[in-house]
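Report on the structure
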Amino acid sequence: MPSAQAKPRKTATPAKPAKARKNGFNPLASERIQAILQRLDATYPGATCALKHKNAWELLVATILSAQCTDVRVNMVTPVLFKKYPTPQDFAALKPEQLEPDIRSTGFFRNKSKSIVGAAKKIVEEFGGQVPDEMDKLLTVPGAARKTSNVVLGTWFKKAVGVVVDTHVHRISRRLELTRNDDPKTIEQDLMKVLPQQKWIDFSHQIIHHGRALCVARKPKCAECPLEDLCHAADKTWSTVDIHKSAKL
């Protein structure tokens, strides 16, 4: 609950399910989408990928390493890694087991080693040592599934060809009723239908920051959230609006 020194502008009531949605509420109304985007812009201006990188190859490797691992840990590992192996050619010359000790702390290091070495070989042998900037080509690279490819294309190449759907985007998109689906690929398609294409890249970065700062998985900090009065999530911890039972993880 907010303290007496910092009362919210509206009178809040404990979060509880609403009996019915009122006034024909449409979660995908253009006015609502625009309000969400405007508030995200105001709250997280200039938000970008937290993974440190100097080029597309470094971003690809860092993104592969970030699976089931924090960005903080990855950012501790990659400076040493890229100093030891500066180019895709250096990685391509390795056997996966040679790379494992360098990335062990990121978890799942055996699979990640195979993906990174495989990606390096593919990029060196088929793409002249350059990370491809087209989705169909990038998806042929080991370790570059749809989410990873969207990260590289959006963050480095500034190409809005999709929406990154990580755990934060998954969770918050459902809470905001921008999708009712649970499969990341389907969630991405839902978001691409309702968000302007020019916002696909920024939206992902901003939502990821929002998910880390306020809209956390357990006990979201709803009283501090700039989207509070636009959100009807069933697991809100504090609310000034009706709660919708279907708006949940």
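Our structure's up above, just so we're on the same page.
Residues numbered from 1 in each chain as written. Predicted model: local features only at pLDDT ≥ 70, side-chain atom pairs only at ≥ 80, totals over all residues. Heavy atoms only, no water.

**Considerations on the overall build of the protein**
- When you go through the protein residue by residue, the secondary structure sums to 11 helices and zero strands.
- Ordered by position in the sequence, the α and β elements of the protein form the string α-α-α-α-α-α-α-α-α-α-α.
- Summarising its shape, the C-alpha atoms of the protein cover approximately 65 × 35 × 30 Å along the three principal directions.
- Burial statistics for the protein: of 249 residues in total, 49% are counted as buried.
- The long-range fraction of contacts in the protein, counting pairs at least 24 apart against all pairs at least 6 apart in sequence, stands at 58%.
- In the structure as shown, the protein presents an accessible area of about 13,200 Å², 53% of it carried by carbon and sulfur atoms. (Helix = DSSP H or I, 4+ residues; strand = E, 2+ residues; numbered from the N terminus. Buried < 20%, exposed > 50% of the residue type's maximum accessible area, 1.4 Å probe, protein only. Contact = heavy atoms within 4.5 Å. Areas by Shrake-Rupley, 256 points an atom, 1.4 Å probe, with all protein chains shown as cover.)

**Overview of the packing of helix 2 (residues 56-65) against helix 3 (residues 71-84)**
- Between helix 2 and helix 3, whose axes approach to 10 Å, the crossing angle comes to 135 degrees. Comparing their axes, helix 3 and helix 2 come out oblique. Considering the relative orientation of helix 2 and helix 3, their crossing is right-handed. Of the residues in helix 3, those in contact with Glu-58, Val-61, Ala-62 and Leu-65 of helix 2 are Val-74, Thr-78, Leu-81 and Phe-82.
- Taken together, the residues that form the contact of helix 2 with helix 3 break down as six nonpolar, one polar and one charged. (Axes fitted to C-alpha atoms, helices over the stretch in contact; angles between N-to-C directions. Parallel < 35°, antiparallel > 145°, perpendicular 65-115°, else oblique. Left-handed = near helix turned anticlockwise from the far one by under 90°. Nonpolar A, V, L, I, M, F, W, Y, C, P; charged D, E, K, R; others polar.)

**Overview of the packing of aromatic side chains**
- Summed over the entire model, instances satisfying the criterion amount to three aromatic pairs.
- Taking 5.5 Å as the distance between ring centres and 65 degrees as the angle between the ring planes, the aromatic pair formed by Trp-57 and Phe-91 counts as edge-to-face. Note that Trp-57 is positioned in helix 2 and Phe-91 in helix 4 (residues 88-92), a separation of 34 residues in sequence.
- Using a relative accessible area of 5% as the deciding quantity, one classes Trp-57 as buried.
- The class for Phe-91 is buried, based on a relative accessible area of 0%.
- Arranged with centres 6.3 Å apart and planes meeting at 65 degrees, the rings of Phe-82 and Phe-91 form a pair that is edge-to-face. Considered together, Phe-82 and Phe-91 belong to a single accessibility category, that of buried residues. (Phe/Tyr/Trp six-rings, centres within 6.5 Å; stacked < 30°, edge-to-face > 60°.)

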